[in-house]
Amino acid sequence: MGEAKVAHKTALGYEPVVPLEVSPIFDWPPKPLASLRHLTKSMTLPYGVGFIGLAVLVWNYFTPALVRMETFGWWVLEIYLRNVVLLTIVAGGLHLVLYMRRRQDQRFKYIPRWSSKSRSFWWNNQVRDNVFWSLGSGCAFWTAFESLTFWLYAKEFIPRVEWNWTGAGVYITAMCLAVPLWSVFHFYLIHRLLHTRWLYDNAHYLHHRNVNTGPWSGISMHPLEHLIYFTLVMLYWFVPVHPVVVILGGIFQGLYPPISHSGFERVELRGDSGKTAPAGDYFHHLHHRYFECNYGNRPVPLDKFFGTLHDGTPEAHAAMKERMRARRGKAAVSAEQMETVATN
């Protein structure tokens, strides 16, 4: 849809090349090699491999021994504090560089304004509000699901896989590589659920106050949404894995959103080399801007399959508005949100 064009800055902010490229996994005729190449690249580079390494580090050095987890105790607080530190390093670090020091000003920024001072947020401050929900509720539910899974392991209520250098090593590696794929499917399913009217009005609305997202917006959610969002690890109550896979699932759910919600397409690296690292996800940014599109992610574009894809082109925007008009009165969006879409 639409003609391809180069990335540029518009009145609405930075816009990358559109139409946005998504995985060809649903193309016809099938393109298996291209699909595999796209999946491998998007899910492992640059952050996937780093998250796997971090999960291994966390399991070996920053997770209490399973023998302590047979009864609930202070070890749960240790895991909570560890998760708070991890989230603060990632979200807080990006916020410091991009929003406090404004090291690259608004280059690559999707919306040409900074965080909001609005009565829509607690303390009339978007950042403080986001930090509160992320560290308070977000890390609490992240910790709860992780701790409950470890307790089930310690009590031997569910099976786990022990590491060795033969078959189990291959299996564990494969399951680590599968975490991003499961995360994509899980996110689409729960996200569509969260956009049903009752759940949107009573929970998901809190996350969607962040139209102009920042790193702390990533897991700034209502506790009910956090309860649903972190159910990703429940898969491992039924599929035996090594505990490092459970930790990796929590890391993907907790630490990737601050990057994808950073509000900047790329982060400029130090020096005069002109090198940058990928940051925000314009695909998901369009969801925050227009609400009723792009429920999933680009690696497995279920939106393309179900007809809710917005690839950034005027044609896609017109198709989305037509779809919303057809659903007026049934969609889980408010009249105010419809007006937002209509005026962009």
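All figures in this text were calculated on a predicted structure; none of them were measured in a lab. (Residues numbered from 1 in each chain as written. Predicted model: local features only at pLDDT ≥ 70, side-chain atom pairs only at ≥ 80, totals over all residues. Heavy atoms only, no water.)

Overview of the environment of R266
For step 1, the next point in the chain: Locating R266 in the fold gives a position in strand β3 (residues 266–268).
For step 2, the next point in the chain: Sequence-wise, R266 and K109 are 157 residues apart; in three dimensions their C-alpha atoms are separated by 8.2 Å.
For step 3, the next point in the chain: When neighbours within four sequence positions are excluded, R266 is seen to be in contact with Q104, F108, T276, A277, P278 and A279.
For step 4, the next point in the chain: A distance of 2.4 Å separates a polar atom in the side chain of R266 from a polar atom in the side chain of T276. (Helix = DSSP H or I, 4+ residues; strand = E, 2+ residues; numbered from the N terminus. Contact = heavy atoms within 4.5 Å. Polar contact = N/O pair within 3.5 Å; in protein donor to acceptor, adjacent residues only side chain to side chain.)

Section: the packing of aromatic side chains
For step 1, the next point in the chain: Per the stated rule, a full pass over the model turns up 22 aromatic pairs.
For step 2, the next point in the chain: With a centroid separation of 5.7 Å and 80° between ring planes, the pair formed by W122 and W123 is classed as edge-to-face.
For step 3, the next point in the chain: W122 sits in the partly exposed class, given a relative accessible area of 42%.
For step 4, the next point in the chain: Taken together, F26, Y188, F305 and F306 form an aromatic cluster joined through their ring pairs. (Phe/Tyr/Trp six-rings, centres within 6.5 Å; stacked < 30°, edge-to-face > 60°. Buried < 20%, exposed > 50% of the residue type's maximum accessible area, 1.4 Å probe, protein only.)

Concerning the confidence of the model for the protein
For step 1, the next point in the chain: Averaged over all residues, the pLDDT of the protein equals 89, while 90% of them reach at least 70.
For step 2, the next point in the chain: Low confidence marks residues 1–5, where pLDDT is under 50. Its contacts with residues over four positions away, or in another chain, come to 15 contacts. (pLDDT = per-residue confidence, 0-100.)

Some points on a nonpolar patch on the surface
For step 1, the next point in the chain: A cluster of nonpolar side chains, namely I25, F26, F305 and F306, defines an oily patch on the protein surface of about 390 Å² accessible area.
For step 2, the next point in the chain: Within the secondary structure, F306 sits in helix α10 (residues 302–306). (Patch = residues over 30% accessible without salt bridge, like charges linked within 9 Å, V, L, I, M, F, W, Y side chains within 5 Å. Areas by Shrake-Rupley, 256 points an atom, 1.4 Å probe, with all protein chains shown as cover. Salt bridge = Lys/Arg side-chain N within 4 Å of Asp/Glu carboxyl O.)

Considering helix α1 (residues 32–44)
For step 1, the next point in the chain: In this model, α1 (13 residues) spans 18 Å end to end at C-alpha, consistent with the 18 Å of a helix rising 1.5 Å per residue.
For step 2, the next point in the chain: Listed in full, the buried residues belonging to α1 are S35, H38, L39, M43 and T44.
For step 3, the next point in the chain: The inward-facing, buried residues of α1 abut α2 (47–61), α5 (167–194) and α8 (243–260). (Expected span 1.5 Å × (residues − 1).)

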